[in-house]
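# Structural features, examined
Here is how the chains run, residue by residue.
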Amino acid sequence: MNPAAPPLVTVVINAYNGAQYLREAIESVYAQSLQDFEIVLFDDASTDATPEIARGFDKRLRYARSEQLIPLGEARNMALALARGKYISFLDQDDLFLPKKLERQVAAFQGDVALVFSNSIQLWEKTGKEVLHYRSRPADGDAFRALLRWYYLSINTVMIRRDALPEDRNWWFPSTFRMCEETDLFLRLAYKYPIAYVDEPLAKYRIHDKNFSKCHREFLVIEENAIMERLAGLIPDFTSRYADEISVYRAEIRRAEAQIRWKEGRRCGAWTAYLDALRLNPRAVYLCELLLSVFFPIEVLRAVRQWIGKPAI
């Protein structure tokens, strides 16, 4: 790669006190078959060894830092603003790319495609167990309706075309979001452009006790409701054109609320939320999940979800 020329791909890594896994994540980028890349490592005020790890790599890794903790959506935007690549790929600090990730996804950009994603492997840290994320092919092409019905994109598998993003940063990741920032942006991209799927695992998602999405599910409910409001303001006749999909989406939000309330010991509120989810989406398995919740912990419910063909959350 010519050091003076912009790289073909920018890999954005957002880090916050993730030194335990960060070096391995970075090394998985350096091990790519496609070597025309840069890494933008944005450190969100970490207090661990993240800066020292960054200094251990060559100039293809560009390090930037916030001196105060900011929401993940804003941190992703600050990293994105530094990216010089034609394509942008995302890797969280505790995940891994498989060696052909960049090569396979760059090749999949054809026509107006603005986003490419792939299958991945879920890796349980405690046991070393690995499970394929998708067991059947997810929808691509004009996939907005399918994504509303069941949002199935995993950010560590996503690559986007940089010129599909307007220069207005207000169109990028929602700056106040802490958990669902990529859902908001990728749904809007899928509304405007076709997306493409590479039918092989190209990344690994590490599941461990400190996953932010497991520890702070309250943000999921708040932010997914905000996503629905934003889409309603952007898309003409959104609530009527996508009524069925919106009901399913809102059912999933209510299901998440039920799980939060159950974990907090608010059993009555959990049952109410589950029944409301069932009303919004009568075809779902919420009734089975509701009955199981009386006897089994949340980990069993996640296993049931995966068994019926949806990735564990």
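Now for a description of the structure that goes with this document. (Residues numbered from 1 in each chain as written. Predicted model: local features only at pLDDT ≥ 70, side-chain atom pairs only at ≥ 80, totals over all residues. Heavy atoms only, no water.)

## Description of the overall build of the chain
Per the secondary structure count, the chain includes 13 helices and 9 strands. For the chain, the proportion of its 313 residues judged to be buried stands at 54%. Taking contacts inside the chain between residues at least 6 apart in sequence as the whole, the part at least 24 apart equals 72%. Accessible area of the chain: about 14,300 Å², with a carbon and sulfur share of 55%. (Helix = DSSP H or I, 4+ residues; strand = E, 2+ residues; numbered from the N terminus. Buried < 20%, exposed > 50% of the residue type's maximum accessible area, 1.4 Å probe, protein only. Contact = heavy atoms within 4.5 Å. Areas by Shrake-Rupley, 256 points an atom, 1.4 Å probe, with all protein chains shown as cover.)

## Quick word on the packing of aromatic side chains
Where two aromatic rings form a pair, the distance of their centres and the angle of their planes describe that pair. For the coordinates displayed, the defined rule picks out 15 aromatic pairs. In textbook terms, an aromatic cluster arises when at least three aromatic residues are bridged by ring pairs, as seen for Phe 117, Tyr 134, Trp 150, Tyr 152 and Tyr 197. Its guanidinium or amino end placed over the ring of Tyr 193, Arg 161 lies 5.3 Å from that ring's centre, counting from NZ or CZ. (Phe/Tyr/Trp six-rings, centres within 6.5 Å; stacked < 30°, edge-to-face > 60°. Lys NZ or Arg CZ within 6 Å of the ring centre and 35° of its normal.)

## Observations concerning the packing of helix α6 (residues 181-192) against helix α8 (residues 218-234)
At a minimum axis separation of 10 Å, α6 and α8 run at an interaxial angle of 25 degrees. Comparing their axes, α8 and α6 come out roughly parallel. Handedness of the crossing formed by α6 with α8: right-handed. Where α6 abuts α8, its residues Glu 181, Thr 183, Asp 184, Leu 187 and Arg 188 lie against Glu 223, Ile 227, Arg 230, Leu 231 and Leu 234. Of the residues belonging to the contact of α6 with α8, the class tally is 4 nonpolar, 1 polar and 5 charged. (Axes fitted to C-alpha atoms, helices over the stretch in contact; angles between N-to-C directions. Parallel < 35°, antiparallel > 145°, perpendicular 65-115°, else oblique. Left-handed = near helix turned anticlockwise from the far one by under 90°. Nonpolar A, V, L, I, M, F, W, Y, C, P; charged D, E, K, R; others polar.)

Honestly, it's all geometry; don't read function into it.
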